[in-house]
Each structure stands twice: as C-alpha cells, then as structure tokens.
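Here's the letter readout for the chains.
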Amino acid sequence: MALVLLALILVPIAEIAVFIQVGGLIGLGPTLLCIVLSAVLGLWLLRRQGLKTVRDAQASLNRNEAPVRELVDGVCLFFAGAFLLTPGFITDAIGFLLMIPPVRHWAGAAVIRYFRKHGRMTIVTPGGPPRSPGRPDVIDGDYQEVDDSDGDLPPAKESRWRPDSRP
C-alpha cells in the first residue's frame, strides 16, 4: 500500500521533470506530438498483440489446456495499455517494455513467484480439486437436520458434487 502511494506521488513528478527536459531540447510541439504518436502506436501494437493472445488462449482451450501463459500475457497487455494511455515518457517506456513477449513472461513469472511466497495461490491439479499449498483440504459448511417422518418433502435431487463422482 505504501509502495503504491509512493508511486502515485513520484511518477507524476518524474514525468513532469522529463517533460521539462524533453521540451527544452526539442520544443513544446514536438514533445506533445511524441506523446500522441506513442499512444497511437502503443494502442495499435496493443490491439495486434491482444488479438494474438486471444487466439492463443482459444487454441490452448481447444487442446484442453489451461491458458495460463495467455492470461498472464493478457494482464500484462492490460497494464501496458494503461501505461501507454497515461501521458508521459516514463509510463510509455514501461508500456512499450510490456509489449515485448520475453519481458511479459519475466514479469508474469515474477508476479507468480511473489504470490506463491506472500499471497494465497490455488493449485489446480488435473483430475483433482483445487488446493492451497501447505494447507489441508477443509470444507466448511452448515447443515440442518430435516424430519421427513410424514413423507411430505420432495425426493432429493441427484447432485454432481458427490465425493464418489467425477465430472
């Protein structure tokens, strides 16, 4: 939380400083043109790579594979788009870096490592239920006993959640 607050304060200050430096070197008009062109180019790249990511995710699903890499790419592309739409040279640089597939894979792997170490992460195993690493499987619930001695309750419906059945 403190890191986010610090970034919200420092990033605009750094962007203003870079604007002043670049504007002093090339002038106001060319500086503004660079910002607009970087946003247009970034959105064009974002559209192309986003569509490719969607196609790759669909291909993974068609092979009955979880599209984990494609989801990570999609999240990185989302943040790349947000950085590219934010006016500034620093945020544009971060956005363009996230457009590069090896950088996206590195960033995704770093986020996954972070959540495995500090956060809650669910592991899904083929043919088995999701489980949390290092935690026992616990099912918590409430129940109520029902007296059906007079037979006025409808028959119980078949449930797909029986422990002995697999989908």
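That block above? That's the structure.
Parameters at a glance
- Here the residue index of a chain counts from 1 through its sequence in written order.
- This being a predicted model, a pLDDT of at least 70 is required before a residue's local features are given, and a value of 80 or more before pairs of side-chain atoms are given or counted; all residues contribute to the totals for chains, interfaces and linings.
- The side-chain numbers reported here are obtained from all heavy atoms of the structure, hydrogens and water having been left aside.
- Strands are runs of DSSP state E lasting at least two residues, helices are runs of H or I lasting at least four, and both sets are numbered from the N terminus onward.
- A 1.4 Å probe rolled over the protein chains alone gives each residue an accessible area, and that area as a share of the maximum for its type sets the label: buried under 20%, exposed over 50%, partly exposed in between.
- Any two residues having at least one pair of non-hydrogen atoms within 4.5 Å are treated as being in contact.
- In short, Shrake-Rupley with a 1.4 Å probe defines the accessible areas, and a residue's cover is counted only from the protein chains shown.
- Stacked, tilted and edge-to-face pairs are distinguished by plane angle, under 30 degrees for stacked and over 60 for edge-to-face with tilted covering the rest, among Phe, Tyr and Trp rings (Trp via its six-membered ring) whose centres lie within 6.5 Å.
- In this description, the arc belongs to the directions extending from the helix axis to the C-beta atoms.
- Patch membership is restricted to residues that have no salt bridge and whose relative accessible area is over 30%. Joining uses 9 Å for like charges and 5 Å for the nonpolar side chains Val, Leu, Ile, Met, Phe, Trp and Tyr.
- The term salt bridge refers to a pairing of a side-chain nitrogen on Lys or Arg with a carboxyl oxygen on Asp or Glu at a separation within 4 Å.
- Whenever two N or O atoms come within 3.5 Å, that pair is a polar contact, provided that in protein one can donate a hydrogen and the other can accept it, and provided that, for residues adjacent in sequence, both atoms are side-chain atoms.
- To estimate how far a helix should reach, multiply one less than its number of residues by 1.5 Å.

### Concerning the overall build of the protein chain
At step 1: Within the protein chain one finds five helices and zero strands.
At step 2: In the protein chain, the order of α-helices and β-strands from amino to carboxyl end is α-α-α-α-α.
At step 3: The proportion of buried residues among the 167 residues of the protein chain is 17%.
At step 4: Within the protein chain, residue pairs in contact and separated by at least 24 positions form 49% of the contacts whose partners lie at least 6 positions apart.
At step 5: Total accessible area computed for the protein chain in this model is approximately 13,500 Å², and 67% of it derives from carbon and sulfur atoms.

### Re the packing of aromatic side chains
At step 1: The full count for this structure, using the stated rule, is two aromatic pairs.
At step 2: Pairing Phe78 with Phe79 gives two aromatic rings, centres 5.5 Å apart and planes at 80°, and the pair type is edge-to-face.
At step 3: Note on Phe78: relative accessible area 58%, which makes it exposed.

### Some details on helix H4 (residues 89-98)
At step 1: Buried residues of H4: Thr91, Asp92, Gly95 and Leu98, and no others. End-on view of H4: buried residues confined to an arc of 125°, all on one side of the axis.
At step 2: Buried residues belonging to H4 abut helix H1 (2-26), helix H2 (28-62), helix H3 (68-85) and helix H5 (101-118).

### Quick look at the environment of Thr31
At step 1: By secondary structure assignment, the location of Thr31 is in helix H2.
At step 2: In this structure, the C-alpha to C-alpha distance between Thr31 and Gly88, residues 57 residues apart in sequence, is 9.9 Å.
At step 3: Setting aside residues no more than four positions away along its own chain, Thr31 makes contact with Phe19, Val22, Gly23, Ile26 and Phe89.

### Digging into a nonpolar patch on the surface
At step 1: Taken together, the side chains of Leu3, Leu5, Leu6, Ile9, Leu10 and Ile13 present a nonpolar region at the surface, about 620 Å² in accessible area.
At step 2: By secondary structure assignment, the location of Leu10 is in helix H1.

### Some details on the side chain of Ser38
At step 1: Along the chain, the position of Ser38 falls in helix H2.
At step 2: Side-chain polar atoms of Ser38 contact the backbone oxygen of Ile35, separated by 2.8 Å.
At step 3: With sequence-adjacent residues up to four places away left out, Ser38 is seen in contact with Leu84, Asp92 and Phe96.

### Quick look at the pattern of salt bridges
At step 1: Taken as a whole and assessed by the stated rule, the structure comprises three salt bridges.
At step 2: With a shortest N-O distance of 3.4 Å, Asp73 and Arg104 are connected by a salt bridge. Of this pair, Asp73 sits in helix H3 while Arg104 sits in helix H5, placing them 31 residues apart in sequence.

### Observations concerning H3
At step 1: Given a rise of 1.5 Å per residue, 18 residues ought to cover 26 Å, and the 26 Å separating the end C-alpha atoms of H3 matches this to within 8%.
At step 2: Listed in full, the buried residues belonging to H3 are Glu70, Asp73, Cys76, Leu77, Ala80, Gly81 and Leu84. Mapping the buried residues of H3 onto a view down its axis gives an arc of 150°, with all of them on the same face. Facing away from the buried surface of H3 by more than 90 degrees, the exposed residues are Leu71 and Phe78.

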